Amino acid sequence: MTAPAVSIIVPVYNVAEYLPRCIESVLRQDEAGWELILVNDGSTDGSGALCDAYAGRDSRIVSLHQPNKGVSSARNAALDAARGKYICFIDSDDWVEERYLSSMLLLAGGEDKVVYADVTLDYEGKRRSGTAFHYLQGSESTQADWNTFMVRYRIPENGFPVAKLFSRKLVETYRLRFNADLSYHEDHLFVLNYLLHVEQIALSAEPCYHYMHRGTNTSLSKKRHPAKNMILAAKELEVAVRALISRFGLKDQAYISRLYTLLGLNQLVRAALCANAEEIRRVGDAVRACETLFRLYYSPNHRYLRFIPFLFFIGSDRVVLWISKLAGKYI
């Protein structure tokens, strides 16, 4: 059997209301060389039956089933089964336009490259859709201009695995997978770790991916996370950011501060705001272990958040707990 050009990975969990639109949008692609891997992660609403029904209609669709293990496990199962030269992702409650694949394939080439595509942000109700990133069509970067390119387009901040075209050979060479021990920023970590191995980055300005914002969302990747999970994610993100700064030769100190704040330090502060009485000392220890990074780089949007790590530094963990009960839900 001829290998497809692209393996499209869709993790599925209790999205029977939205899944048909997602799958139908794949069936309408103007690029025919794809396989669609649906991974039903223990759904209880009929989503699994929908996966099987579509697989029965089109031989390019593969329906996999597993007990509920989470989005990372579902994506990893699909990565293990993928056969395409390239890999892309779609979330099961989103949808894509006809040129989702072809617009990215136009910029593909080489096995050490990644293509970033723009995203359309859709909202329930009367709010108008908007474009997320405003990329310049066909922009490409190699090692010679990575610093400027990374800062201009804020590449490390775009942690969605969707709206990107990955090389499967690179993914398999470095055995890149989603960390199933995390339920917070595991997708961003996958993207950051992939970036560490690329030699080229290309941008598509076509916002063919439609990301849905809903008031209530039961998809795999949106849920509340315990403080210990945020601490683990913060540690992993800090390691990835440090490696990216070295790999891409980033020198813009303001942007370096932004990266450490968004990807590591903010997660520790969020952990503090979510911690209960049993967790607060553990969070405090994690913050104190990163005291140098906080003092050098922490630049939160809310200025008074700067006081939270300071309170940990002076051992006032219980004061942070009191503040979190008052202010955490507003940040």
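Residues numbered from 1 in each chain as written. Predicted model: local features only at pLDDT ≥ 70, side-chain atom pairs only at ≥ 80, totals over all residues. Heavy atoms only, no water.

Caption draft 1: A look at the overall build of the protein chain. For the protein chain, the count of helices and strands is 13 helices and 10 strands. What you see for the protein chain is a C-alpha radius of gyration of 21 Å, in line with the 20 Å of a compact globule of 331 residues. Each principal axis of the C-alpha atoms in the protein chain carries an extent, and together these give about 65 × 50 × 40 Å. Put simply, the protein chain has 331 residues, and 54% of those count as buried. Sequence separation of 24 or more characterises 80% of the internal contacts of the protein chain that already satisfy a separation of 6 or more. (Helix = DSSP H or I, 4+ residues; strand = E, 2+ residues; numbered from the N terminus. Rg over C-alpha atoms; globule rule 2.2 N^0.38 Å. Buried < 20%, exposed > 50% of the residue type's maximum accessible area, 1.4 Å probe, protein only. Contact = heavy atoms within 4.5 Å.)

Caption draft 2: Representation of the layout of surface pockets. By volume, the second largest pocket is sized at about 220 Å³. Lining the second largest pocket are 14 residues, with Thr 261, Leu 262, Asn 266, Pro 300 and Asn 301 positioned closest to its centre. Class assignment of the residues belonging to the lining of the second largest pocket gives a composition of 7 nonpolar, 5 polar and 2 charged. (1 Å grid on protein atoms, 1.4 Å probe; cavity = no way out; pocket = protein on both sides within 12 Å on 5 of 7 lines; lining within 4 Å. Points joined across faces, edges and corners; volume = space filled by probe spheres on them. Nonpolar A, V, L, I, M, F, W, Y, C, P; charged D, E, K, R; others polar.)

Caption draft 3: Region of the structure containing the environment of Arg 175. Its place among the elements puts Arg 175 in the loop between α6 (168–173) and α7 (186–195). Counting along the chain gives 19 residues from Arg 175 to Tyr 194, while the straight-line C-alpha distance between them is 9.9 Å. A polar contact of 3.1 Å, which involves the side chain of Arg 175, links it to the side chain of Glu 172. (Polar contact = N/O pair within 3.5 Å; in protein donor to acceptor, adjacent residues only side chain to side chain.)

Caption draft 4: Main features of the packing of aromatic side chains. Per the stated rule, a full pass over the model turns up 16 aromatic pairs. When the centroid spacing of 6.0 Å and the interplanar angle of 75° are considered together, the rings of Phe 89 and Phe 166 count as edge-to-face. With Phe 89 in strand β4 (residues 86–89) and Phe 166 in strand β9 (residues 164–167), the pair connects residues that are 77 residues apart, well separated along the chain. The exposure class assigned to Phe 89 is buried, which follows from its relative accessible area of 1%. Phe 166 gets classed as buried once you look at its relative accessible area, which sits at 1%. Their ring planes at 80° and their centres at 6.0 Å tell us that Phe 89 and Phe 190 sit as a pair that is edge-to-face. (Phe/Tyr/Trp six-rings, centres within 6.5 Å; stacked < 30°, edge-to-face > 60°.)

Caption draft 5: Main features of the confidence of the model for the protein chain. Residues of the protein chain with pLDDT of at least 70 account for 94%, and the chain-wide mean is 92. For the stretch residues 217–223, pLDDT sits under 50, and the model shows 17 contacts to residues farther than four places along the chain or on other chains. (pLDDT = per-residue confidence, 0-100.)

Caption draft 6: Summary view of the pattern of salt bridges. Per the stated rule, a full pass over the model turns up 19 salt bridges. A salt bridge links Arg 75 to Asp 91; its shortest N-O distance comes to 3.1 Å. With a gap of 16 residues between them, Arg 75 in helix α3 (residues 71–81) and Asp 91 in the loop between β4 and β5 (95–96) connect regions that are remote in the sequence. The exposure class assigned to Arg 75 is buried, which follows from its relative accessible area of 2%. Owing to a relative accessible area of 11%, Asp 91 belongs among the buried residues under this scheme. Between Asp 317 and Arg 288 there is a salt bridge, with the nearest N and O atoms lying 3.0 Å from each other. Separated by 29 residues along the polypeptide, Asp 317 in helix α13 (residues 317–327) and Arg 288 in helix α10 (residues 280–289) bring together distant segments of the chain. A relative accessible area of 22% means that Arg 288 is categorised as partly exposed. A cluster of three or more residues bridged by salt bridges with shared partners is formed by Asp 80, Glu 172, Arg 175 and Arg 177. (Salt bridge = Lys/Arg side-chain N within 4 Å of Asp/Glu carboxyl O.)

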